[in-house]
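Architecture and fold: a report
Chain by chain, the residues:
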Amino acid sequence: MEKEYFETYIREVTSHVKFRFDRRAIGQELLAHMEDLYEDLLSQDMDEEQAAQLTVDYMGDSEELGKELNEVHHPLWGWIWLVTRWTARLCVAALVLWFLLQSFSFGYTYWGTKEDKTGDVVYTILPELEERLYGSVVRIKEIRYYDDGTLEYTYDIRQNPFLNGGLGRSGIDAEIYAGEEVCHCNGGMFASNSLFYKKGREWIYDVPLEADRIVFFLGYEKEIEVSLTKGRVMAE
């Protein structure tokens, strides 16, 4: 019996709330208050029908209460709140998707650096080279030469997304020299990018053992030369 009383009253109240997306929440809140009041009246040895009717009476005129709630839940503020909530959800979803894509990208690069080589390492050079360019910090981490003629280098870039104009999102180009002759060779690369960090590995095939230097091109105007004969750590 009390359920019918309460449902009818709540339906009458919420019919005056123009922002329909709030009606359910308002109804649930009203029902909770009415059930608490109803249980309190029953504890005073009142019969169920009388307690239900008195509960509705205590809540006040349904039309008056509905109009007051409509002022609080004005459609303008309701739509602003609704749009803000969904915008926040979309932003969170976009951030989660971005994080997953970046994790995949970095994982792809990591496993790319673990790719098995057909040859054995002949020598390794740790140039400890760090340069600042376009608001970013570029670091050449390692150079390796294999007995199948492959030369590879790894690098990372801590980049300012607003000032990295000349660096772009590709890898770091390089030319290899043997004396004054440029070694024209093919190669490949793995690279991962995010707004603030880039990690990559590039390799060049058929590099002669007598190659003595490599020139890295950073952006459009910066060239850095690294010796391939100094600092070699020969493989055992």
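Residues numbered from 1 in each chain as written. Predicted model: local features only at pLDDT ≥ 70, side-chain atom pairs only at ≥ 80, totals over all residues. Heavy atoms only, no water.

All right, on to the pattern of salt bridges then. Evaluation of the coordinates by the stated rule reveals 7 salt bridges. One salt bridge connects R139 with D156, and the closest N-O pair in it is separated by 2.7 Å. Here R139 is found in strand β3 (residues 136–146), whereas its partner D156 is found in strand β4 (residues 151–158), with 17 residues between them in sequence. Its relative accessible area of 32% is what places R139 among the partly exposed residues. Salt-bridge contacts for R213 lead to E225; the nearest nitrogen and oxygen are separated by 3.6 Å. Of this pair, R213 sits in strand β9 (residues 213–218) while E225 is found in strand β10 (residues 222–227), placing the two residues 12 residues apart along the sequence. Each member of the salt-bridge network shares a partner with another, and the members are R139, K141 and D156. (Salt bridge = Lys/Arg side-chain N within 4 Å of Asp/Glu carboxyl O. Helix = DSSP H or I, 4+ residues; strand = E, 2+ residues; numbered from the N terminus. Buried < 20%, exposed > 50% of the residue type's maximum accessible area, 1.4 Å probe, protein only.)

With that out of the way, let us pick up the packing of helix α2 (residues 23–42) against helix α3 (residues 48–59). Axis separation between α2 and α3 bottoms out at 9 Å; the angle between their running directions is 130 degrees. Here α3 runs oblique to α2, going by the angle between their axes. Crossing hand, α2 versus α3: right-handed. When α2 is examined against α3, the residues L30, M34, L37, Y38, L41 and L42 are found in contact with a partner set consisting of E48, A51, A52, L54, T55, V56, Y58 and M59. Its residues assigned to classes, the contact of α2 with α3 shows 12 nonpolar, 1 polar and 1 charged. (Axes fitted to C-alpha atoms, helices over the stretch in contact; angles between N-to-C directions. Parallel < 35°, antiparallel > 145°, perpendicular 65-115°, else oblique. Left-handed = near helix turned anticlockwise from the far one by under 90°. Contact = heavy atoms within 4.5 Å. Nonpolar A, V, L, I, M, F, W, Y, C, P; charged D, E, K, R; others polar.)

This paragraph deals with the side chain of E152. Position of E152 relative to the elements: it lies in strand β4. One polar contact links E152 to R201, side chain to side chain, over a distance of 3.1 Å. (Polar contact = N/O pair within 3.5 Å; in protein donor to acceptor, adjacent residues only side chain to side chain.)

With that settled, consider the packing of aromatic side chains. Taken as a whole, this structure holds 4 aromatic pairs when the rule is applied. Look at F6 and Y38: their rings are 5.7 Å apart centre to centre, the planes differ by 85 degrees, and that puts the pair in the edge-to-face class. Of this pair, F6 sits in helix α1 (residues 2–14) while Y38 sits in helix α2, and the two are 32 residues apart along the sequence. The class of F6 is buried, set by a relative accessible area of 2%. Summarising the aromatic geometry, the rings of Y153 and F216 are spaced 5.0 Å apart at their centres and angled 80 degrees between planes, so their arrangement reads as edge-to-face. Placement of the pair is Y153 in strand β4 and F216 in strand β9, with a sequence separation of 63 residues. Across the pair, F216 and Y153 agree in class, each one buried. In this structure an aromatic cluster arises from ring pairing among Y153, Y155 and F216. The aromatic ring of Y123 is capped on one face by R232, whose charged end is 4.0 Å from the ring centroid. (Phe/Tyr/Trp six-rings, centres within 6.5 Å; stacked < 30°, edge-to-face > 60°. Lys NZ or Arg CZ within 6 Å of the ring centre and 35° of its normal.)

Attention now goes to the pairing of strand β2 (residues 129–133). Sheet analysis places β2 next to β3, joined by 5 bridges and oriented antiparallel. Residue R132 lies in a different strand from β3, and its bridge partner there is V137. Between β2 and the antiparallel strand that follows it, β3, lie 2 residues; Y134 among them carries a positive phi value of about 55 degrees. (Pairing = 2+ DSSP bridges.)

As for its position among the elements, K222 is in strand β10. K222 sits 89 residues away from L133 along the chain, and the two C-alpha atoms are 8.2 Å apart. Non-local contacts of K222, meaning those with residues more than four positions away in its chain, are made with E131, L133, F216 and F217.

Read from one edge of the open sheet, 4 strands run β6-β5-β9-β10, paired in antiparallel fashion. Of all strands in the sheet, those with a lone pairing partner are β6 (181–183) and β10, marking the two edges. Ignoring strand direction, the axes of neighbouring strands in this sheet form an average angle of 30 degrees. In this sheet, β6 lies alongside strand β5 (residues 173–178) in antiparallel orientation, the contact comprising 3 bridges. Pairing of I176 across the sheet is with C183, part of β6.

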